Amino acid sequence: MIRINENYTKLKASYLFADIARRVGAYTAAHPQSPVIRLGIGDVTEPLPPACVEAMHAATDEMSRRETFKGYGPEQGYAFLRELVAQHDYAGRGCRIEPDEIFISDGSKCDCGNIQEIFSTDARLAIPDPVYPVYVDTNVMAGRTGANVGGRYEGILYLESNASNGYVPAVPDAPADLIYLCFPNNPTGAVATRAQLEAWVAYAKRNRAVILFDSAYEAYIRDPAIPHSIYEIEGAREVAIEFRSFSKTAGFTGTRCAYTVVPKSLVAWDASGQTHPLHALWNRRHTTKFNGVSYPVQRAAAAIFSEAGRQQTRALTDFYLGNAQLIRSAVASLGLSAVGGDNAPYIWVNSGRDSWDFFDLLLDKAQVVCTPGAGFGKCGEGHIRISAFNSRENVEKALVRIAAALR
Ligand code: PLP
């Protein structure tokens, strides 16, 4: 008799965005004349930068000719892209990352969900609350947690992010082996200072732990004092893996391209106390279970680093940050406190009431979809996340409607 992986039964009934889609679906079915504006799910709305489109067209033409056709590429990604990433995203910021420490993939969601496979099932987890749900759910599936009791899984050390710590958790007193950090943060939009990241690197060193650093929103950082990469912190090559994505940097959510950095100097231990380089483990995992991102998509990603590509992606992120500023000031003028939006495309609003009630209020009275904070964890209760990913016209319209609904 085939049996299921019973860890799946511990998962909460549905994924947050499925719950939202159900409520929005019910509302639109009942009110077909009232079109909703979606400032909920963090998907981009603006088209790909022209430099990427041109590169993708040219690469597709190469695929149409026998002489330039390409079959399977290297699972870890083409050298042309890995070299550009190493040069622009790391050497350009003073970080020592070699091209072969970079693994190109079809998304950070998969990478930050799959990475836990290379660690022991009894690794002690430290995970922020509120959080991008993938970190928690993939560890539940792998059996690293107990049951969900009162909205929290047994066996996770939750790193609480709230107004009192500026939504950046301090290092805990208790030890952990595997630490998830995400800056600029989804959902709060908070960023970590150099000193805060230094404290985390020191904590990881003390505990012989690994930090999984998700910087999917790095391209939104505008404050020059805020580190873009964990490797800007001394010693991070010995304790951290970093995830980056082209999804929010250059509108690749539907095109799919990202990368994960695993430095060769990073090790973990086996039961006998022997060290093992994590680079070799991830390389084994990646090459066994993944067959590479398509050639045209990697060419499109490489174009992000051209002169034109850099200007166009900067204009794209500036555009969304412009939306974020409009949202921040509209929210402030309604007397609500909020963080985020300065160095991130999300605004985390203190709703002062139950977050699903506030979600329903905005849907019913303003036909605007936000994301209820409770969906990101216990500390998300009393908050909503508003995303800056939409057209300027829709953002302006949504803000007028929200103001009318709340006044
Ligand atoms: N990490 C964070 C924090 C995210 O918010 C997202 C997407 O919303 C991802 C990773 C996934 O990005 P990708 O599109 O590369 O899978």
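Keep in mind that this is a model prediction, so the values were computed, not measured.

Asker: Can you walk me through the sheet that holds strand β16 (residues 371-372) in this structure?
Answerer: Sheet strands pair by backbone hydrogen bonding; their relative direction is either parallel or antiparallel. Pairing is antiparallel across the open sheet formed by four strands, whose spatial order is β13-β14-β17-β16. One side of each edge strand has no neighbouring strand; the edge strands of this open sheet are β13 (338-340) and β16. Pairing of β13 with strand β14 (residues 346-350), which is carried by three bridges, proceeds in the antiparallel orientation. In the strand pairing of β14, Gly340 is matched with Ile347. Helix-sheet contacts for helix α11 (residues 355-366) involve β16 and β17 (383-387), and the interaxial angle to β17 is about 45 degrees.

Asker: What is the right way to read the domain arrangement of the protein from this model?
Answerer: How large an interface is tends to be reported as the accessible area lost when its parts come together. When cut into domains, the protein gives domain 1 (6-47 + 309-406) and domain 2 (53-307). The gap between the C-alpha centroids of domain 1 and domain 2 is 25 Å. Contacts between domain 1 and domain 2 engage 36 residues on the former and 45 residues on the latter. For the pair domain 1 and domain 2, the two sides together bury roughly 3500 Å², of which 57% comes from carbon and sulfur. For the pair domain 1 and domain 2, the interface holds two salt bridges. Put simply, Arg310 and Glu307 hold a salt bridge, and the shortest N to O gap is 3.2 Å. The interface formed by domain 1 and domain 2 includes 23 residue pairs in polar contact (both at pLDDT 80 or more). The dominant element in the side of domain 1 that touches domain 2, judged by the number of residues it contributes, is helix α10 (residues 307-333), at 10 residues.

Asker: Just to check I follow, could you spell out the packing of α11 against helix α12 (residues 392-406) for this structure?
Answerer: Each pair of packed helices can be summarised by the angle the axes make with each other and by the distance between the axes. Orientation of α11 relative to α12, taken along the N-to-C sense of each, is 105 degrees, at an axis distance of 9 Å. One finds that α11 runs roughly perpendicular with respect to α12. Contact with α11, carried on its side by Phe358, Leu361, Leu362, Lys365 and Ala366, involves Arg401, Ile402, Ala405 and Leu406 of α12 and no other residues of that element. Of the residues that constitute the contact of α11 with α12, the class distribution is seven nonpolar, no polar and two charged.

Asker: What am I meant to see in the environment of Ala303 here?
Answerer: Inspection of the secondary structure puts Ala303 in helix α9 (residues 295-303). Accessibility expressed as a relative area gives 12% for Ala303, which makes it buried. Between the C-alpha atoms of Ala303 and Gly235, which are 68 residues apart in sequence, the distance is 31 Å. Other than its neighbours up to four places away in sequence, Ala303 contacts Ala51, Cys52, Ala55 and Gly309.

Asker: Honestly, the site of the ligand in this entry has me stumped. Any pointers?
Answerer: Ser108, Asp214, Tyr217, Ser245 and Ser247 are the nearest of the 14 residues found near the ligand. In the model, an oxygen atom of the ligand is placed 2.8 Å from a nitrogen or oxygen of the Asn186 side chain. With respect to the ligand, the side chain of Ser245 contributes an N or O atom lying 2.7 Å from an oxygen atom. In isolation the ligand offers 390 Å² of accessible surface; the protein chains occlude 91% of this area. Of all the elements in the fold, those that place two or more residues in the shell around the ligand are α4 (108-114) and α7 (247-250).

Asker: Please clarify how the pairing of strand β3 (residues 125-129) should be interpreted in this entry.
Answerer: Along a regular strand, successive side chains alternate from one face of the sheet to the other. Extensive coverage of β3 is indicated by the burial of five of its five residues. The side-chain alternation of β3 yields two buried faces, one formed by Leu125, Ile127 and Asp129 and the other by Ala126 and Pro128. Relative to strand β6 (residues 156-160), β3 runs parallel, the two sharing five bridges. The residue of β6 that forms the bridge with Ala126 is Leu157. Note: β3 against strand β7 (residues 178-182), two bridges, orientation parallel. When the sheet's bridge partners are listed, Ala126 is paired in β7 with Ile179.

Asker: I would appreciate a short explanation of the nonpolar core in the present structure.
Answerer: One recurring pattern in soluble globular proteins is that nonpolar side chains are buried together. In this structure, Leu81, Ile179, Ile211, Tyr231, Phe246, Phe252 and Cys257 are the most contacted members of the largest nonpolar core, which totals 83 residues. Residues from two domains meet in this core; each of domain 1 (6-47 + 309-406) and domain 2 (53-307) gives at least three. Look past the residues within four positions of Cys257 in its chain and what remains in contact with it is Leu81, Ile104, Ser105, Asp106, Ser245, Phe246, Ser247, Phe252, Val293, Val297 and Ala301. One finds Leu125, Ile127, Val140 and Val262 within the second-largest nonpolar core, a separate group that totals 29 residues.

Asker: Quick question: what am I supposed to make of the state of the cysteines here?
Answerer: Chemically, a disulfide is nothing more than a covalent bond linking the sulfur atoms of two cysteines. Per the stated rule, a full pass over the model turns up zero disulfides. Cys112 provides the cysteine sulfur closest to Cys110, a residue in no disulfide bond, and the two sulfurs are 8.5 Å apart. Of the residues examined, Cys110 reaches a relative accessible area of 30% and is grouped as partly exposed. For the unlinked cysteine Cys112, the closest cysteine sulfur is that of Cys182, found at 8.3 Å.

Parameters and conventions
Residues numbered from 1 in each chain as written. Predicted model: local features only at pLDDT ≥ 70, side-chain atom pairs only at ≥ 80, totals over all residues. Heavy atoms only, no water. Pairing = 2+ DSSP bridges. Helix = DSSP H or I, 4+ residues; strand = E, 2+ residues; numbered from the N terminus. Contact = heavy atoms within 4.5 Å. Axes fitted to C-alpha atoms, helices over the stretch in contact; angles between N-to-C directions. Domains from an automatic or database assignment. Buried area = accessible area lost by both parts, 1.4 Å probe. Salt bridge = Lys/Arg side-chain N within 4 Å of Asp/Glu carboxyl O. Polar contact = N/O pair within 3.5 Å; in protein donor to acceptor, adjacent residues only side chain to side chain. Parallel < 35°, antiparallel > 145°, perpendicular 65-115°, else oblique. Nonpolar A, V, L, I, M, F, W, Y, C, P; charged D, E, K, R; others polar. Buried < 20%, exposed > 50% of the residue type's maximum accessible area, 1.4 Å probe, protein only. Near = heavy atom within 4 Å. Areas by Shrake-Rupley, 256 points an atom, 1.4 Å probe, with all protein chains shown as cover. Core = buried A, V, L, I, M, F, W, Y, C linked by side-chain atoms within 4.5 Å. Disulfide = S-S within 2.5 Å.

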